[in-house]
Amino acid sequence: MKILVIGSGGREHAIAWKIKEFSRRYEVFAIPGNGGFTSIGECIKGDISNFGEILNIVNTKKINIIIVGPENPLADGIVDFFETNGYKIFGPNKKAAFFEASKCFAKEFMKKYKIPTADFEITNSFEEGIKIVEKRKGPYVIKYDGLAAGKGVRVIENFEEGKNYLEEIFIKKIFKGEPKVVIEDCLIGKELSYLIFTDTNSYISMVPVKDYKRVDDGDKGSNTGGMGCYSPPSYFNKELEEEIKRKIVEPTLEGLQKENIDYRGVLYFGLMITEKGPYVLEYNVRFGDPETQVILPRMEGDLIEVIESIIEGNLNKVKIKWKEEKSLCVVIASKGYPGDYEKGKEIKNIDKVKDVILFHAGTKKENGKILTDGGRVIGVVGIDKDIKKLRGKVYKAVETIEFEGKHYRKDIGLEK
Ligand code: AMP
Ligand code: GLY
């Protein structure tokens, strides 16, 4: 069977790795993939926003299943496009992808179905936005409505900051889409990424993950796509999981059914665990990155069986077993990331690391060498029963890998 993964990150490398780990009979392809993907499958050049171009590749390579990694093609309707043409594709359709593509839509949905989320106001007018921030005391949060690659959310401390951000959105129009914002209370607590597989009628929870979003140790510095993560977080337990299912997952699925939204794919709940229990910060309509890099190594069995059952709406017939061991990922990034960074630095000692899995992200293979080609370069992943040993072996590998300007967080998994 031939599987095509759309995307180029560590997430996509991990998805393909998991598929191959279960059976060598699966052949994997990626558009566009990365330097590490070439060791397990074929990378094909292509523009992932051009569905016609992807269709040609799917036909030429006789692909059986397409798996979509990132949110943009989902929001643009890639699933609708391929399903209409009779192909098997994994991910939510355009209507369902609105849960991530519009924060206003997601917030209104949560309000309607009484799913715990920060109190909020929505506006598409600059003047009204100013009136809202005049009333508010910091900290509160302003979120741009549309997709913004993690750059649309800002915690606001005072009126000046609030006014400035509204000006950037409504007047300077720093984001491409319609200017519209959610203004909401700032929640305090511990973040948790809780992902499920679902076909709307039933669901299977994945193992929980703590993602480290800030660039520097101690959660300092700018927000990034994620500098590392581990599973399960120390503050996770059975009672919390029951609460998440009862207050958040199940009401969300009931809401989807009532709204006639046919959601088939991965649904990712970005949660804040507060003193009053779990609250939803956001929905994502795809696997997380780097969450996937620690979730899939803990999964047993055949990911393709799960994916096919979701596409067919039979997820209730499938069971997934998870390994007891913990898993941890440290992302090595290019100098400057999450701001501007240089590319094309040679990555050395990749073949010298032991006892870990390397999921490539921003890398490319050129003349037999692996070069940096993005901000987040490589995720180093380990699995072990003992968190100390696990951190030890992952960081040993992180220190072994060398390229000019590499940086990484040293406190992944140090949570009490
Ligand atoms: P989002 O894209 O909505 O998940 O926001 C990105 C990040 O901003 C989250 O992972 C949190 O770290 C932070 N954030 C978002 N909303 C809130 C909130 N209401 N209170 C505190 N932090 C938030
Ligand atoms: N790691 C956060 C995300 O995938 O959105």
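Conventions adopted
- Residues numbered from 1 in each chain as written.
- Chains lettered and ligands numbered in written order.
- Predicted model: local features only at pLDDT ≥ 70, side-chain atom pairs only at ≥ 80, totals over all residues.
- Heavy atoms only, no water.
- Near = heavy atom within 4 Å.
- Polar contact = N/O pair within 3.5 Å; in protein donor to acceptor, adjacent residues only side chain to side chain.
- Areas by Shrake-Rupley, 256 points an atom, 1.4 Å probe, with all protein chains shown as cover.
- Nonpolar A, V, L, I, M, F, W, Y, C, P; charged D, E, K, R; others polar.
- Helix = DSSP H or I, 4+ residues; strand = E, 2+ residues; numbered from the N terminus.
- Axes fitted to C-alpha atoms, helices over the stretch in contact; angles between N-to-C directions.
- Parallel < 35°, antiparallel > 145°, perpendicular 65-115°, else oblique.
- Contact = heavy atoms within 4.5 Å.
- Buried < 20%, exposed > 50% of the residue type's maximum accessible area, 1.4 Å probe, protein only.
- Salt bridge = Lys/Arg side-chain N within 4 Å of Asp/Glu carboxyl O.
- Pairing = 2+ DSSP bridges.
- Phe/Tyr/Trp six-rings, centres within 6.5 Å; stacked < 30°, edge-to-face > 60°.
- Lys, Arg positive; Asp, Glu negative; His and termini not counted.
- Left-handed = near helix turned anticlockwise from the far one by under 90°.

J.: Explain the site of ligand 2 to me, please; I cannot follow it from the model alone.
T.: Near ligand 2 the following residues occur: Asp 211, Gly 225, Tyr 268, Asn 284, Arg 286, Gly 288, Asp 289, Pro 290 and Glu 291. Between ligand 2 and Asp 289 there is a distance of 2.9 Å, counted from a nitrogen atom to a backbone nitrogen or oxygen. Calculation on ligand 2 without its partners gives an accessible area of 200 Å², and the protein chains cover 89% of this total. Across the shell around ligand 2, the residue classes break down as two nonpolar, three polar and four charged.

J.: Please explain the site of ligand 1 as it appears in this structure.
T.: Around ligand 1, the surrounding shell holds 13 residues, and the nearest of these are Lys 143, Glu 184, Leu 187, Glu 191 and Glu 282. One nitrogen or oxygen atom from the main chain of Asp 185 is found 2.9 Å from a nitrogen atom belonging to ligand 1. Within the side chain of Lys 213, a nitrogen or oxygen atom sits 3.2 Å from an oxygen atom of ligand 1. In the complex, 90% of the free accessible area of ligand 1, which totals 470 Å², lies under the protein chains. Sorting the residues of the shell around ligand 1 by element identifies strand S7 (140-144), strand S9 (181-185) and strand S17 (277-284) as the ones contributing at least two each.

J.: Which parts of the structure should I look at to understand the packing of helix H5 (residues 94-101) against helix H6 (residues 103-112)?
T.: Packed helices, taken two at a time, are described by the angle between their axes plus the distance between the axes. Contact geometry of H5 with H6 gives a least axis separation of 6 Å together with a crossing angle of 95°. What the angle tells us is that H5 and H6 run roughly perpendicular. The segment H5 lies against H6, with Phe 98, Phe 99 and Ala 101 engaging Lys 103, Phe 105, Ala 106 and Phe 109. Of the residues contributing to the contact of H5 with H6, the split by class is six nonpolar, no polar and one charged.

J.: Mind showing me how you'd approach unusual backbone geometry here?
T.: A negative phi angle characterises most non-glycine residues, just as the trans form characterises most peptide bonds. A cis amide bond, omega -10°, links Ile 31 with the succeeding residue Pro 32. The peptide bond linking Gly 138 to Pro 139 adopts the cis configuration, its omega dihedral lying at -10°. Topologically, Pro 139 is positioned in the loop between helix H7 (126-135) and S7. In this model, Lys 114 sits at a positive phi of 55°, which is unusual for a non-glycine residue. The exposure class of Lys 114 is exposed, given its relative accessible area of 73%.

J.: Explain the pattern of salt bridges to me, please; I cannot follow it from the model alone.
T.: When their charged atoms lie close together, side chains carrying opposite charge are able to pair. Considering all chains together, one arrives at 31 salt bridges under this definition. Residue Glu 12 pairs with Arg 11 through a salt bridge whose shortest N-O separation is 2.9 Å. This pair shows no difference in class: Glu 12 is buried, exactly as Arg 11 is. The closest approach of N and O atoms between Lys 406 and Glu 402, which form a salt bridge, is 3.9 Å. It is possible to trace a salt-bridge network through shared partners that takes in Glu 121, Lys 135, Arg 136 and Asp 185.

J.: I would appreciate a short explanation of the sheet that holds strand S22 (residues 376-384) in the present structure.
T.: Pairing between sheet strands relies on hydrogen bonds along the backbone, with the strands arranged either parallel or antiparallel. If you walk across this open sheet you meet the five strands as S12-S15-S18-S22-S19, and the pairing is antiparallel. Since the sheet does not close on itself, it has two edges, and those belong to strand S12 (210-211) and strand S19 (357-360), each with one partner. Bridge count between S19 and S22: four bridges; the pairing is antiparallel. By the bridge assignment, Leu 358 is partnered in S22 with Val 380.

J.: Would you mind going over the packing of aromatic side chains with me for this structure?
T.: For any pair of aromatic rings, geometry is given as the distance between the ring centres together with the angle between the planes. Per the counting criterion, the structure on display carries 17 aromatic pairs. Summarising the aromatic geometry, the rings of Phe 99 and Phe 109 are spaced 4.7 Å apart at their centres and angled 85° between planes, so their arrangement reads as edge-to-face. Of this pair, Phe 99 sits in helix H5 while Phe 109 sits in helix H6, and the two are ten residues apart along the sequence. Between Tyr 194 and Phe 236 the ring centres are 6.5 Å apart and the planes differ by 25°, which places this aromatic pair in the stacked class. On the criterion of sequence distance, the pair formed by Tyr 194 in strand S10 (residues 190-198) and Phe 236 in the loop between strand S15 (228-231) and helix H9 (238-258) is long-range, its members being 42 residues apart. Accessibility expressed as a relative area gives 0% for Tyr 194, which makes it buried. Classification of Phe 236 by relative accessible area gives buried; the value is 16%. Ring pairs connect the aromatic residues Phe 98, Phe 99, Phe 105, Phe 109, Tyr 113, Phe 269 and Tyr 283, which therefore count as one cluster.

J.: Got a minute to help me understand the sheet that holds strand S11 (residues 203-205) in this structure?
T.: One open sheet holds the four strands; their spatial order is S11-S10-S16-S17, and the pairing between them is antiparallel. Two strands lie at the open edges of the sheet, namely S11 and S17, each paired on one side alone. With strand direction ignored, the average angle separating the axes of adjacent strands in the sheet is 35°. Bridging between strand S16 (residues 265-274) and S17 involves seven bridges; their strand directions are antiparallel.

J.: What is the right way to look at the side chain of Asp 145 in this model?
T.: Tracing the backbone shows Asp 145 in the loop between S7 and strand S8 (153-156). No salt bridge is formed by the buried Asp 145, whose closest oppositely charged neighbour, Lys 180, lies at an N-O distance of 4.9 Å. Within the structure, Asp 145 has its side chain in polar contact with the side chain of Ser 102 (distance 2.8 Å). Here Asp 145 is in contact with Ala 101, Ser 102, Lys 103, Cys 104, Phe 105, Lys 180 and Val 181, once residues within four sequence places are set aside.

J.: Sorry if this is basic, but what is going on with the packing of H7 against helix H8 (residues 159-170) here?
T.: Two elements in contact, H7 and H8, have axes separated by 10 Å at closest approach and are oriented at 165°. The pairing of H7 with H8 is recorded here as roughly antiparallel in orientation. Seen from above, H7 lies across H8 with right-handed handedness. Contacts from Phe 126, Gly 129, Ile 130, Val 133 and Glu 134 of H7 reach H8 at Phe 159, Lys 163, Leu 166, Glu 167 and Phe 170.

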